[in-house]
Amino acid sequence: MNALASTIRDSWGAMFSRHFEHLGARAGQLKWILAVLVTLALAHPGCSARGTVLHPRFEKGGLLALAKPVPEKTLTDLGAIFEAPTGSAILGGDPVVVYATRNSVSLFAAPNTAYAIMRAGCLDDNARLVLEGAWRYSNATDTGLIRLFVEPTEVANALCKELPIPPSLLKDIRLRGVIGRDEIAPTEEITMAWKAPRSDTSNFIVAAHHGACKTIDDCGASENTLESIELVEPFGASVVEIDVRLSKDGVPFLYHDETFNPRLTQGPLCHGQVRDYTIAQMRAACRLKFGEEIPTLAEALETTVNDTRLAGIWLDAKEPEVVAPTLAVMAEYRKKAEEKKRALEIVIGLGSSEILEAYVAATKPEGTRCLYELDRAGVESTPCDFWGPRWTRGPMNEDVTALQGQKKRVVYWTINEPEFIALFLKAKPDGILTDRPGMLRNKIQLMALAGEQVGPQ
Amino acid sequence: MRRIFGGALGSLLLLGSVHWGVPAAHAEKDVPVFADALANGAPSPRGDAAPSDAGFPFEGGSPSDTGSLVDTGVPLDSSSFSGTRDAAAGEAVAAIDTRTKGLPTHVLEGDLYVGLNIMVAPAVDHRGEIDSTNGGFGVAFGLTYRTRYFLSPFLEFGYASIYRNEKNVDLGSAGGTAVSSGRLSAMSVLVGPALDLWRFRLRAGIGLYRLSTTTRVLGTSVSSDELDMGYGFSLSGYPLRTDRFQLGLEARLHLILEGGTTVFSIGPTFTGDIFRW
């Protein structure tokens, strides 16, 4: 305290020093003032300790810039369970689930809920198949680049030529390459050997909450956006859950909160109640956290039908008024999906008794399906095919079994911790909604590998 | 929740420091008639008091309560020195007693501020903007209750024009493009302590901000508003002052927490004593 007074005295001159000497004598009071200022500083969002997430990319597009795309039909054949990586310890020491979609290959590892999302390309006249992308720990901001080659050459050649992998070569498959931290070109060697084929868990619903991830987890896209919906499959989910609200001009659109706020949106003019805005005014005043436009429900369903292979979409109605308009849009896109021969289930989620009442009162086009989120008695008395109990109510094993006996499917929401996922999977639900679909995908594949039943009998 | 809790805790601490009360250590004022008394720690007509070289009485009342200038815990006046060889000192004290008698120990002060604002945060994405104005004018008026304690509570109401723009908007599936115009303003009510140091005043307040936004596109306007918690800080300097009035320059920072908006403002400020007792 004396040092502080001394500094002030030196710099501010004699007039001030006399007063600060008195403050110095009243160290108790000055201490309180400093405590208040520090508290205020810590409380301000600008001083929050949350780190910035990097989204590293290979310089000049990496080897993929020189590669040919891998045929969509065959890339999924790469999906399997691989032995724990050797070399680098970044992905941990447990078996890794390799999850391949038509245009991406993802790695899901249990330690640190690590994942890697990679794109594939064929090089050297199909002699080499390269996977390039970035890895990340879901529970931290650690990230970096990863580049893997598919070995042996015969397997790479087969995948690049749209041919099935010869069964005799399955056990010889290795992913070998380099991995690194941050944006630096990766140099740590890493190798993963094929362990077992992936199990068919397609009857189990891995549902992604709000899209690939929550905005706060920053996986490269804001929640409830078209961009996030396109990321859902690489992140390991087969179903996406999105939130639907109604604009002032009666258009259903994707947004979670009742207000526009800095947690989800940006823009100096983007404030106040969501229901006050028309879609046009929303577009004029607001962008989502990472710069995306706020999408309408029709745009989201258009993307889901045309640009993804998702098996389902769960529309969480956030207010009673949005139910009837949502049912109309659902009917339109069910028809579009049928026309495209897409097996896509579109389900409306009913999260309160008021929303349920609006659903019951609404005219329901044929084929409308719903998910009821409250108690068991409620779902038994509604025409809903799904029950979506909140996980905080516990696994409720008996209720799950009873409702499954009534041909209703049960999907818990929203479970993000590995321990709870393991606990709730014991109740044999039909699915789980999570913010970390890769972790859930890893868990159910390893359970299936161990011979455990995943999902209902 | 952490922010709200932290903010509330900070506010309690801040206001608590006022309640616990510490007699004023305010800087001396340039009011010639009271110069002698001020030099010895008596309160000024503005309720300020300069400390004496011997130290200021922190407990048990101020000079203005007792007329004494020495921290003995026993009220003194000029008769305490009668018949002693300190008679000369007694006369000096008597002279100061006369000058300080009847000085106010409580002052209700009115404050007026007019300034120019600039929005510091959030960063603006200027994509599509045809024209924009960051900032505008701000006005605030309030009351400050000054006593012999060195922290003075204040209550203030304010208005600030923050941002306006005109931009091209891609309406997507809503249909084509359009030109929109928008503006953002805030009204505020703040409470907190003010600390006077010589010709400067430092204030830290907590309060509510009503952020209002209006957007006009496709011929229709939409207005929306929200109520946010926030903090306001200010530093004022008063080069011009009289017995009752001060005119100076003030810099302000408003941190509107839930609104994610930070506004800096600078402009002239005026204060005047409304009531003294």
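On a predicted model such as this, the values are computed, not experimentally measured, just so you know.

Asker: Run through the overall build of chain B, naming residues and quoting values.
Answerer: For chain B, the helix and strand inventory stands at four helices and nine strands. When the helices and strands of chain B are listed from N to C terminus, the series reads α-α-α-α-β-β-β-β-β-β-β-β-β. Residues counted as buried form 49% of the 277 residues belonging to chain B. Contacts spanning at least 24 positions in sequence make up 61% of the contacts within chain B whose residues lie at least 6 apart. Of the roughly 12700 Å² of accessible surface on chain B, a fraction of 64% belongs to carbon and sulfur atoms.

Asker: Which residues make up the pairing of strand β20 (residues 369-372) of chain A, and what values do they have?
Answerer: Residue and element names in this part refer to chain A. One ladder, built from four bridges, connects strand β19 (residues 345-350) with β20; its direction is parallel. Within β20, the position partnered with Gly349 by the bridge is Leu371. Taken together, β19, helix α10 (residues 353-361) and β20 form a β-α-β motif whose crossover is right-handed. Judged from the two bridges that link them, β20 and strand β21 (residues 386-387) form a sheet pairing that is parallel.

Asker: Provide a residue-level description of a nonpolar patch on the surface, including the pertinent values.
Answerer: Residues and elements named next belong to chain B. A contiguous nonpolar patch, built from Leu112, Val114, Phe141, Leu155, Phe157, Val191, Leu240, Phe245, Leu247 and Phe270 and spanning about 850 Å² of accessible area, is present on the exposed surface. Listed by contribution, the elements that provide at least two residues to the nonpolar patch are β1 (107-121), β4 (151-170) and β8 (245-256). Looking at the secondary structure, you find Val191 in strand β5 (residues 177-197). Owing to a relative accessible area of 35%, Val191 belongs among the partly exposed residues under this scheme.

Asker: How would you explain the state of the cysteines if you had to name every residue and give the values?
Answerer: All names here are of chain A. Applying the stated criterion across every chain, the model contains four disulfides over all chains. Paired through a disulfide, Cys122 and Cys160 show a sulfur-sulfur distance of 2.0 Å. With the S-S dihedral at roughly -100 degrees, the linkage between Cys122 and Cys160 falls on the left-handed side. With Cys122 in strand β6 (residues 114-123) and Cys160 in helix α5 (residues 153-160), this residue pair connects regions lying 38 residues apart in the sequence. Cys160 carries the same exposure label as Cys122, and that label is buried. Going through chain A in sequence order and numbering each bonded cysteine, the pairs you get are 1-2, 3-4, 5-6, 7-8.

Asker: Can you tell me about the confidence of the model for chain A, naming the residues and giving the values?
Answerer: In the predicted model, chain A carries a mean pLDDT of 90, and the fraction of residues at 70 or more is 89%. Note on residues 7-23 of chain A: pLDDT under 50 across the span, and 29 contacts to partners over four residues away in sequence or across chains.

Asker: I'd love a proper account of the packing of aromatic side chains, names of residues and values included.
Answerer: All names here are of chain B. A complete count under the given rule lists 14 aromatic pairs over all chains for this structure. Taking the centre distance of 6.4 Å and the plane angle of 45 degrees together, the rings of Tyr231 and Phe233 count as tilted. Phe233 gets classed as partly exposed once you look at its relative accessible area, which sits at 21%. With a centroid separation of 5.8 Å and 15 degrees between ring planes, the pair formed by Phe245 and Phe270 is classed as stacked.

Asker: Outline helix α12 (residues 397-405) of chain A, listing residues and values.
Answerer: Each α-helix winds once per 3.6 residues, and so residues spaced three or four apart point in a common direction. Residue and element names in this part refer to chain A. Burial in α12 covers these residues: Val400, Leu403 and Gln404. Buried residues in α12, looked at end-on, bunch into an arc of 100 degrees, giving them a common side. Opposite its buried face, α12 presents the exposed residues Glu398, Thr401 and Gly405, each directed more than 90 degrees away. Remark: Lys407 follows α12 within two positions and exhibits a positive phi of approximately 65 degrees.

Asker: Please give an account of the packing of helix α13 (residues 418-425) of chain A against helix α14 (residues 437-449) of chain A that cites residues and values.
Answerer: Relative placement of two packed helices is described by the angle separating their axes and the distance separating the axes. Residues and elements named next belong to chain A. Two elements in contact, α13 and α14, have axes separated by 11 Å at closest approach and are oriented at 50 degrees. Classified by the angle between their axes, α13 and α14 sit oblique to one another. Crossing angle aside, the handedness with which α13 passes α14 is right-handed. When α13 is examined against α14, the residues Pro418, Ile421, Ala422 and Leu425 are found in contact with a partner set consisting of Met439, Leu440, Lys443, Ile444 and Met447. Grouping the constituent residues of the contact of α13 with α14 by class yields eight nonpolar, no polar and one charged.

Rules used in this analysis
- Residues numbered from 1 in each chain as written.
- Chains lettered and ligands numbered in written order.
- Predicted model: local features only at pLDDT ≥ 70, side-chain atom pairs only at ≥ 80, totals over all residues.
- Heavy atoms only, no water.
- Helix = DSSP H or I, 4+ residues; strand = E, 2+ residues; numbered from the N terminus.
- Buried < 20%, exposed > 50% of the residue type's maximum accessible area, 1.4 Å probe, protein only.
- Contact = heavy atoms within 4.5 Å.
- Areas by Shrake-Rupley, 256 points an atom, 1.4 Å probe, with all protein chains shown as cover.
- Pairing = 2+ DSSP bridges.
- Right-handed = clockwise from strand over helix to strand, strands pointing away.
- Patch = residues over 30% accessible without salt bridge, like charges linked within 9 Å, V, L, I, M, F, W, Y side chains within 5 Å.
- Salt bridge = Lys/Arg side-chain N within 4 Å of Asp/Glu carboxyl O.
- Disulfide = S-S within 2.5 Å.
- pLDDT = per-residue confidence, 0-100.
- Phe/Tyr/Trp six-rings, centres within 6.5 Å; stacked < 30°, edge-to-face > 60°.
- Arc of directions from axis to C-beta.
- Axes fitted to C-alpha atoms, helices over the stretch in contact; angles between N-to-C directions.
- Parallel < 35°, antiparallel > 145°, perpendicular 65-115°, else oblique.
- Left-handed = near helix turned anticlockwise from the far one by under 90°.
- Nonpolar A, V, L, I, M, F, W, Y, C, P; charged D, E, K, R; others polar.

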